[in-house]
Amino acid sequence: MRTKTDFLIIGSGLAGLSMAIKAAEYGKVIIATKAGLNDSNTVYAQGGIAAVIDVDDDFEKHINDTLVAGAGICDEEVVRKVVTNAPALIDELIRWGAKFDKTKDGEFDLAREGGHSEHRILHHKDNTGFEIQRALSEKIKNNPNITVLENHFSVELITQHHLGKIVKRHHTDTECYGAYVLDLETGKVKTILSKFTCLATGGAGNLYLNTTNPVTATGDGIAMMYRAKGIIDNMEFVQFHPTALYNPGEHPDFLISEALRGFGAILKTVDGKEFMQNYDERGCLAPRDIVARAIDNEIKTRGDDYVLLDCTHLDKESLIDHFPNIYQKCLSLNIDITKRPIPVIPAAHYLCGGIKVDLNARTSIRNLYAAGETTCTGLHGANRLASNSLLEALVYADLAIKDAVHFIGNVEINEAVPDWNDEGTSHPEEMILITQSLKEVQQIMSVYVGIVRSEVRLKRAYDRLWTIYNETEALYKASKLSKPLCELRNLINVGYLVIKHAYARKESIGLHYMSNEQFSKKKK
């Protein structure tokens, strides 16, 4: 089956949906999402979206906080562009129907999170992402120019390679003509041809055993971009959220929002002793990389399974009102957070690297744009500042469509693209081969490429992953396409990139920490 459209958007989080809403003003749009419309990383974003709203705040403060958190390798031009564009796009988001909490005086109830010098986080209780997704989904459903293909897995980007032409790696003349997309209900691969293709596929948290990401976060866009010979950058910077709920057997890990620490919650060891002041003068509100390493260090040196996040000293009514979902989730596990501390551990949360894009959200492949967590814009540097991710997605989605519409009259759909050929393939006889390989990949990444790394660990991870890669590629070439097989293949590609980039960066910086520089408590 062949379908033609002006814009093909792969992914249905904040970046994808906001791109679709804006693109629909200029042409026909297809959104391809591998699960349901609302199954995205955005839904899991509890804390909020950062923007300069309060009169006591200003752009320079937000810019400086972002640069400091990014450990000196942010692109300052990008940081300024994102921060200064924020207020207008927040207003637009509100006009689209998103609701943010307000005080009794009618002002926005702005929260503060780690690394922020001011209260600037707009939120909706502790399920901000869910609220934003709700509002955008409603606009999508009522737009006649937008077609949503749920349960459609994008397998490969279509480039000159599929026309039988040789494309050199990172060649500037590579073009994207759309994507091959697997209909998960019929098992058939559709050829979707487009003038512009936009990747908004989210992160890759499922590289790790413990992650706050949904099961859909398997690095699909990054892997497709890599196989299409596009530029990927900064993959060594995997952010581990310091506080995921310790509940063995649950997947994904339930996120305990950083906003809770901004609200006054305190990290303690299992015997009730505060420890963050021993690592950073900002204590529990230090940037995430510092807090995550501190927790990791306490757990390993003490031999504990977790640390505690203590809220018991906070006002009960305000605590429950601001964090109703966290309260109810913990209560379901017989933890009343007004009376007992929450057991927490670090978990893979956000990928700061990804598909390299410029200030117009263009990738290194012509007519291919990207926005959201799947990208490397230069905003986050070596460590993302809390609540800058939804903001980045919103800004770059806007930049992508504004840029694309300048060229829409000059881009033609390429009719010469052949359809997908799966002749000679069959369904895998043993799914256990796929599921076991996935477990091995997650184990390798968690043990050797986690919060703390070393050259020895990275080399071992590469060697182990290489074996699984060869086995999986052989299986892929002989098999009918399936979601588990494609996701495994993508995670292996992304895992390789994380290892490769981590090995290349010898010094510890931000989220990339090498064990040859021992992480220790700060000197008093």
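Residues numbered from 1 in each chain as written. Predicted model: local features only at pLDDT ≥ 70, side-chain atom pairs only at ≥ 80, totals over all residues. Heavy atoms only, no water.

## Describing helix α5 (residues 220–227)
It helps to recall that an α-helix has 3.6 residues per turn; residues three or four apart then point in one direction.
Next up, step 1: Counted residue by residue, α5 has 8 buried out of 8 residues, so it is predominantly covered.
Next up, step 2: Among all positions in α5, only Asp220, Gly221, Ile222, Ala223, Met224, Met225, Tyr226 and Arg227 are buried.
Next up, step 3: Where α5 terminates, the next one or two residues include lysine 229, which has phi positive at roughly 70°. (Buried < 20%, exposed > 50% of the residue type's maximum accessible area, 1.4 Å probe, protein only. Helix = DSSP H or I, 4+ residues; strand = E, 2+ residues; numbered from the N terminus.)

## A few points about empty space enclosed by the protein
Next up, step 1: Here the structure, examined in full by the defined rule, presents 2 cavities of 30 Å³ or more.
Next up, step 2: One number sums up the size of the largest cavity: a volume of about 80 Å³.
Next up, step 3: If you go around the largest cavity, you meet 13 residues; those closest to its centre are Ala204, Gly205, Val238, Tyr350 and Leu351.
Next up, step 4: Those elements that provide at least two residues to the lining of the largest cavity are β13 (342–351) and α13 (483–504). (1 Å grid on protein atoms, 1.4 Å probe; cavity = no way out; pocket = protein on both sides within 12 Å on 5 of 7 lines; lining within 4 Å. Points joined across faces, edges and corners; volume = space filled by probe spheres on them.)

## Notes on the side chain of aspartate 101
Next up, step 1: Its place among the elements puts aspartate 101 in the loop between α3 (76–95) and β4 (121–122).
Next up, step 2: Although aspartate 101 is buried, it forms no salt bridge, and the closest oppositely charged side chain is lysine 125 at an N-O distance of 4.8 Å.
Next up, step 3: At 2.6 Å, the side chain of aspartate 101 forms a polar contact with the backbone nitrogen of lysine 125. (Lys, Arg positive; Asp, Glu negative; His and termini not counted. Salt bridge = Lys/Arg side-chain N within 4 Å of Asp/Glu carboxyl O. Polar contact = N/O pair within 3.5 Å; in protein donor to acceptor, adjacent residues only side chain to side chain.)

## As for α13
Next up, step 1: For α13, which comprises 22 residues, the first-to-last C-alpha distance of 32 Å matches the rise-based estimate of 32 Å (1.5 Å per residue) to within 8%.
Next up, step 2: Burial analysis of α13 places 16 of its 22 residues in the buried class, which makes it a mostly covered element.
Next up, step 3: Two or three places before leucine 485, at the start of α13, stands the capping residue serine 482, its side-chain oxygen 3.3 Å from that residue's backbone nitrogen. (Expected span 1.5 Å × (residues − 1).)

## With respect to the pairing of strand β7 (residues 178–183)
Next up, step 1: By the criterion of burial, β7 is predominantly enclosed, with 6 of the 6 residues buried.
Next up, step 2: Summarising the sheet, strand β6 (residues 152–158) and β7 pair through 6 bridges and their orientation is antiparallel. Across the sheet, leucine 157 pairs through a bridge with alanine 179, a residue of β7.
Next up, step 3: In this structure, β7 lies alongside strand β8 (residues 189–199), joined through 5 bridges in antiparallel fashion. The residue bridging glycine 178 from the neighbouring strand is leucine 193, located in β8.
Next up, step 4: What sits between the antiparallel neighbours β7 and β8 is a turn of 5 residues, in which glycine 187 has the positive phi angle 80°. (Pairing = 2+ DSSP bridges.)

## Quick word on the packing of helix α12 (residues 455–478) against α13
Next up, step 1: Interhelical geometry of α12 versus α13 gives an angle of 155° and a closest axis separation of 10 Å. Taken together, α12 and α13 sit at an angle that is classed as roughly antiparallel. Relative to α13, the crossing made by α12 is left-handed. In contact with Glu455, Leu458, Lys459, Ala461, Tyr462, Leu465, Ile468, Tyr469, Thr472, Glu473, Leu475 and Tyr476 of α12, α13 contributes Leu485, Cys486, Leu488, Arg489, Ile492, Asn493, Gly495, Tyr496, Ile499, Ala502 and Tyr503.
Next up, step 2: Taken together, the residues that form the contact of α12 with α13 break down as 16 nonpolar, 3 polar and 4 charged. (Axes fitted to C-alpha atoms, helices over the stretch in contact; angles between N-to-C directions. Parallel < 35°, antiparallel > 145°, perpendicular 65-115°, else oblique. Left-handed = near helix turned anticlockwise from the far one by under 90°. Contact = heavy atoms within 4.5 Å. Nonpolar A, V, L, I, M, F, W, Y, C, P; charged D, E, K, R; others polar.)

## Section: unusual backbone geometry
Next up, step 1: Here the bond from histidine 251 into proline 252 is cis, since omega is 0°, no more than 30 degrees from zero.
Next up, step 2: Along the chain, proline 252 turns up in the loop between β10 (238–245) and α6 (259–262).
Next up, step 3: Not every positive phi belongs to a glycine, and alanine 71 is a case in point at roughly 60°.
Next up, step 4: Looking at the element boundaries, alanine 71 is found in the loop between α2 (59–69) and α3.

## Structural notes on the sheet that holds strand β16 (residues 375–376)
Next up, step 1: A sheet is described by the order of its strands in space; here 3 strands give the open sequence β9-β14-β16, paired in mixed fashion. Strands at the two margins of the open sheet, each flanked by one partner only, are β9 (232–233) and β16.
Next up, step 2: With 2 bridges joining them, β9 and strand β14 (residues 354–356) adopt antiparallel strand pairing. Within β14, the position partnered with isoleucine 232 by the bridge is isoleucine 355.
Next up, step 3: This element, α5, spans β9 and β14 of the sheet and lies at about 50° to β14.

## Looking at the packing of aromatic side chains
Next up, step 1: Evaluation of the coordinates by the stated rule reveals 11 aromatic pairs.
Next up, step 2: Here tyrosine 226 and tyrosine 496 contribute two aromatic rings whose centre-to-centre distance is 6.0 Å and whose plane-to-plane angle is 50°, an arrangement assigned as tilted. With tyrosine 226 in helix α5 and tyrosine 496 in helix α13, this residue pair connects regions lying 270 residues apart in the sequence.
Next up, step 3: The partly exposed category is assigned to tyrosine 496, whose relative accessible area is 25%.
Next up, step 4: With a centroid separation of 4.9 Å and 35° between ring planes, the pair formed by tyrosine 246 and tyrosine 306 is classed as tilted. Taken as a pair, tyrosine 246 in the loop between β10 and α6 and tyrosine 306 in the loop between α7 (288–302) and β12 (307–310) lie far apart in primary sequence, 60 residues in all.
Next up, step 5: An aromatic cluster of three or more residues is present, and its members are Tyr226, Tyr462, Trp466, Tyr469 and Tyr496.
Next up, step 6: Across from the ring centre of phenylalanine 108, 5.2 Å away, lies the NZ or CZ of lysine 102, which sits over that ring.
Next up, step 7: Across from the ring centre of tyrosine 476, 3.7 Å away, lies the NZ or CZ of arginine 489, which sits over that ring. (Phe/Tyr/Trp six-rings, centres within 6.5 Å; stacked < 30°, edge-to-face > 60°. Lys NZ or Arg CZ within 6 Å of the ring centre and 35° of its normal.)

## Focus: the sheet that holds strand β11 (residues 266–268)
Next up, step 1: Taken in spatial order, the 4 strands of this open sheet run β10-β13-β12-β11, and their pairing is antiparallel. Edge strands, defined here as strands with exactly one partner in the open sheet, are β10 and β11. Across the sheet, the mean angle from the axis of one strand to that of its neighbour is 45°, orientation sign disregarded.
Next up, step 2: Pairing of β10 with β13, which is carried by 6 bridges, proceeds in the antiparallel orientation. Directly across from glutamine 239, in β13, lies its bridge partner tyrosine 350.
Next up, step 3: Sitting on the sheet, α7 touches β10, β11, β12 and β13, and the angle it makes with β10 is about 60°.

## Structural notes on the layout of surface pockets
Next up, step 1: Approximately 500 Å³ is the volume attributed to the second largest pocket.
Next up, step 2: Ranked by residues supplied to the lining of the second largest pocket, first place goes to β13 with 4 residues.
Next up, step 3: Of the residues contributing to the lining of the second largest pocket, the split by class is 12 nonpolar, 4 polar and 4 charged.

## Side note on the pattern of salt bridges
Note that side chains of opposite charge can pair when their charged atoms are close.
Next up, step 1: A complete count under the given rule lists 37 salt bridges for this structure.
Next up, step 2: For aspartate 183, the salt bridge is made with lysine 190, and the minimal N-O distance between the two is 3.6 Å. The residues aspartate 183 and lysine 190 share a single accessibility class, namely buried.
Next up, step 3: Its salt-bridge partner being arginine 293, residue aspartate 289 comes within 3.7 Å of it at the nearest N-O pair. Pair noted here: aspartate 289 and arginine 293 are both in helix α7, with a separation of 4 residues, about one helical turn. Like aspartate 289, the residue arginine 293 is buried in the burial classification.
Next up, step 4: Through salt bridges with shared partners, a single network forms among Lys22, Glu92, Asp398 and Lys402.

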